[in-house]
Number of protein chains: 2
Amino acid sequence: MAQLNNVTPLFKDLAKVEHEHNIACRECSLYRLCLPLGLHSNDLAQLDKIIKRSQGFTRGEALFASDTPFKSIFVVRSGSFKTTVQASDGREQVTGFYFPGEFIGMDAIYEQAYKSTAKALESSSVCELPFEKLQEFGTTMPQLQVQMMSRLSKELSGDKTLMFLLGKKTAEEKLATFLLSLSRRFQDRGFSAREFQLTMSRGDIANHLGLAVETVSRLFTRFQDEGLISIQSKAISLLDSDKLKQLCG
Amino acid sequence: MAQLNNVTPLFKDLAKVEHEHNIACRECSLYRLCLPLGLHSNDLAQLDKIIKRSQGFTRGEALFASDTPFKSIFVVRSGSFKTTVQASDGREQVTGFYFPGEFIGMDAIYEQAYKSTAKALESSSVCELPFEKLQEFGTTMPQLQVQMMSRLSKELSGDKTLMFLLGKKTAEEKLATFLLSLSRRFQDRGFSAREFQLTMSRGDIANHLGLAVETVSRLFTRFQDEGLISIQSKAISLLDSDKLKQLCG
DNA sequence: ACGCATAATTGATCCAGGTCAATGCGCTGA
DNA sequence: TCAGCGCATTGACCTGGATCAATTATGCGT
């Protein structure tokens, strides 16, 4: 666990527990958020067997790189990740941030190759689901397939929302929306909706929202001046989420 | 067929043939692009039975509305559609355009409700796939499930690309990318990659790309002045797609 | 074929947010 | 403890594309 001491993981307790023991899905605290939902216990045991529990990634380490053959879908177990797509000229877009229980790599099924790069934002770990095995299981566990589709659909729906954000929202609306989205996701995971760590850099946030770093920085200070938030480097608390909600448009 | 005479459907021949006969998947000219790919012929016959072939929609008519219960996934049979998401304040974002063989409504699986509105851009028709039935079939036809996931994945991948476009590209790059994307899709469907109809309005294009109508209009005239395209109201031809490719960045 | 509504073009002006530049802060490692 | 470096903040200025305002096509209904 030494590597965990020099960072501030978002989900320290989870990381501690689940790094140390390769605990079964049934006992995983993410169960409620994850794939196995709705599976019977013998099916669950089957699933358990094919899941590879990874050793963990350190800040900046890649889970997979763009244009690499697709083999597995990953579920974040602890920590957090970002995914990016890049153009040949070097420009890149942060397409998403991923927290425990969330799936990474589903956009690679069609092309059979990852079309984005996934990097850890802090010390993190994942469960690896080899897609071929997953397919085999689909025959005997239709519920699993439905669950998978549901996951894909959820991300699709989220992406449409993001398209609206990128295409139609002002800088202020973008940042307010982003903060509340994080807040909601932390709450879903049993953490404070009010206070949390921004594990990604200002640059990552700006990039993701289609803004310049400077704009994000200015907005943070303005939100703070207006008493909406309190922010100190990576630690943020939402002081007036009602007003933030209004700002989302 | 009277309703088809006063419009210029993108896929007139398809519309003619497939409106009149409820032809089976096996004989459908979209087979290659559509769901049944990889199914055995007896499976195909099964699938055929659950597919409802709709009567057709006229320009502006809604296939489904936002916040309506989810029942079916739709495949465009002829014509074209757009999907939009809207905010409470009235702003809306065109999240996609859909052509024959493409799937609409997959982002509704998770929420079990359509989170976008789909409208016909011209006289169009769809195949309706009741999701419940599709699920039942999944048990006996795992291949179908895989195919569905593949479709979802493809759209996901496309959305990431669009996020890059919205977040990082200039107006010029956006429009060039859009035109080439249409071109490629028409080519995939056996139509000219060089000359086609823009069934959507300038407003729809602008909205989709996160631009103002005026900007799109100006770019069209500029592209025309520079000899890249030739455009006359809805009819466009790409005169220099190599240079357009360069403009995409 | 005519007239009205809607869509598209074109021009003039403006501003949100980007870019450039300088400074400040906080890790990290010796 | 402190130097060095990457990240973040702050200020000054600039610009791509939005907005506003006419004008001109297009197409639809009668």
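See the structure above.
In this text the structure is predicted, and so the values were computed from the model without any measurement.

Cut-offs and rules
- Residues numbered from 1 in each chain as written.
- Chains lettered and ligands numbered in written order.
- Predicted model: local features only at pLDDT ≥ 70, side-chain atom pairs only at ≥ 80, totals over all residues.
- Heavy atoms only, no water.
- Pairing = 2+ DSSP bridges.
- Helix = DSSP H or I, 4+ residues; strand = E, 2+ residues; numbered from the N terminus.
- Axes fitted to C-alpha atoms, helices over the stretch in contact; angles between N-to-C directions.
- Contact = heavy atoms within 4.5 Å.
- Buried < 20%, exposed > 50% of the residue type's maximum accessible area, 1.4 Å probe, protein only.
- Buried area = accessible area lost by both parts, 1.4 Å probe.
- Salt bridge = Lys/Arg side-chain N within 4 Å of Asp/Glu carboxyl O.
- Near = heavy atom within 4 Å.
- Polar contact = N/O pair within 3.5 Å; in protein donor to acceptor, adjacent residues only side chain to side chain.
- Parallel < 35°, antiparallel > 145°, perpendicular 65-115°, else oblique.
- Nonpolar A, V, L, I, M, F, W, Y, C, P; charged D, E, K, R; others polar.
- Least-squares fit on C-alpha atoms with pLDDT ≥ 70 in both.
- Expected span 1.5 Å × (residues − 1).

J.: Just to check I follow, could you spell out the sheet that holds strand β5 (residues 81-86) of chain B for this structure?
T.: Note: strands within a sheet are paired through backbone hydrogen bonds, in either parallel or antiparallel orientation. Residue and element names in this part refer to chain B. Overall, antiparallel pairing links the 4 strands, which are arranged β2-β9-β5-β6 in an open sheet. Looking at strand neighbours, the two that pair on one side only are β2 (62-64) and β6 (92-98), the edges of this open sheet. Taking the axes of each pair of neighbouring strands and ignoring which way they run, one obtains an average angle of 30° across the sheet. Bridging between β5 and β6 involves 6 bridges; their strand directions are antiparallel. Bridging from a neighbouring strand, Thr 83 pairs with Gly 96 of β6. On top of the sheet, helix α7 (residues 202-209) reaches β5 and β6; it is set at about 105° to β6, its chief contact.

J.: I'm lost on α7(B) in this one. Help?
T.: Each α-helix turn comprises 3.6 residues. Residues three or four places apart therefore point the same way. Residue and element names in this part refer to chain B. With 6 of 8 residues buried, α7 is to be regarded as a mostly interior element. The set of residues buried in α7 consists of Asp 204, Ile 205, Ala 206, Asn 207, His 208 and Leu 209. Immediately downstream of α7, the backbone of Gly 210 shows phi near 70°, a positive value.

J.: How should I be thinking about the interface of chain A and chain B in this particular structure?
T.: One frequent convention defines the size of an interface as the accessible area lost when the parts assemble. Taken together, the contacts link 46 residues of chain A with 46 residues of chain B. The three residues of chain A that bury the most area against chain B are A:Met149, A:Lys160 and A:Met163, which together make up 17% of that side's buried surface. One can count 6 salt bridges joining chain A with chain B. The partner of B:Glu155 in a salt bridge is A:Lys160, with the nearest N and O atoms 2.7 Å apart.

J.: I'm lost on the sheet that holds strand β5 (residues 81-86) of chain A in this one. Help?
T.: Residues and elements named next belong to chain A. Judged by pairing direction, the sheet is antiparallel, and its 4 strands sit side by side in the order β2-β9-β5-β6 without closing on themselves. Each of the sheet's edge strands pairs with one partner strand only, and the pair in question is β2 (62-64) and β6 (92-98). Between one strand and the next, the sheet's axes are offset by a mean angle of 30°, whatever the strand orientation. In the sheet, β2 pairs with strand β9 (residues 117-120) via 2 bridges, with the strands oriented antiparallel.

J.: I'm lost on the protein's contact with DNA strand D in this one. Help?
T.: Taken together, 16 residues are adjacent to DNA strand D, and A:Ser217, A:Arg218, A:Thr221, B:Ala171 and B:Thr215 come closest. When the atoms of DNA strand D within 4 Å of the protein are sorted by group, sugar and phosphate make up 65%. With respect to DNA strand D, the side chain of B:Thr215 contributes an N or O atom lying 2.3 Å from a phosphate oxygen. Between DNA strand D and the protein, one listed contact pairs a base oxygen with a side-chain N or O atom of B:Arg218 at 3.0 Å.

J.: Explanation requested: the protein's contact with DNA strand C in the structure shown.
T.: Among the 15 residues in the neighbourhood of DNA strand C, the closest are listed as A:Ala171, A:Thr215, B:Ser217, B:Arg218 and B:Thr221. Expressed as a percentage, the sugar and phosphate content of the atoms of DNA strand C within 4 Å of the protein is 61%. The contact in question runs from a base nitrogen of DNA strand C to an N or O atom on the side chain of A:Glu214, over 2.9 Å. In the environment of DNA strand C, a phosphate oxygen lies 2.8 Å from a nitrogen or oxygen atom belonging to the side chain of B:Ser217. When residues of the surface near DNA strand C are traced back to their parent elements, those giving at least two are α8 (213-225) of chain A together with α7 and α8 (213-225) of chain B.

J.: Any chance you could explain the packing of helix α6 (residues 171-188) of chain A against α8(A) here in plain terms?
T.: Describing two packed helices takes the angle between their axes plus the distance from one axis to the other. Residues and elements named next belong to chain A. For the pair α6 and α8, the least separation of the axes is 10 Å and the interaxial angle reads 75°. Considering the angle they form, α6 stands roughly perpendicular to α8. Facing Ala 171, Glu 172, Leu 175, Ala 176 and Leu 179 of α6, the residues of α8 in contact are Thr 215, Val 216, Leu 219, Phe 220, Arg 222 and Phe 223. Residue composition of the contact of α6 with α8, by class: 8 nonpolar, 1 polar and 2 charged.

J.: What should I look at first to understand the relation of the copies chain A and chain B in this one?
T.: In this structure, two copies of a chain are linked by a rotation about an axis accompanied by a shift along it. Under the fitted operation, chain A is carried onto chain B by 0.0 Å of movement along the axis and a turn of 180°, and the coordinates agree to an RMSD of 0.0 Å. The superposition operator between the copies reduces to a two-fold rotation axis. Taken as a fraction of all interface residues of chain A, those also at the interface in chain B reach 100%, which identifies the copy contact as same-surface.

J.: Help me understand the pairing of β6(A) in this model?
T.: Put simply, side chains in a regular strand alternate between the two faces of the sheet. Of all 7 residues in β6(A), 6 are buried, a share of seventy percent or more. Hairpin connection, β5(A) to β6(A): the antiparallel pair is bridged by 5 residues, and A:Gly90 has positive phi, about 100°.

J.: What should I look at first to understand helix α5 (residues 142-168) of chain B in this one?
T.: Under the 1.5 Å per step criterion, the end-to-end length of α5(B) is 39 Å for 27 residues, consistent within 8% with the ideal 39 Å. The element α5(B) is largely enclosed, with a buried count of 21 among its 27 residues.

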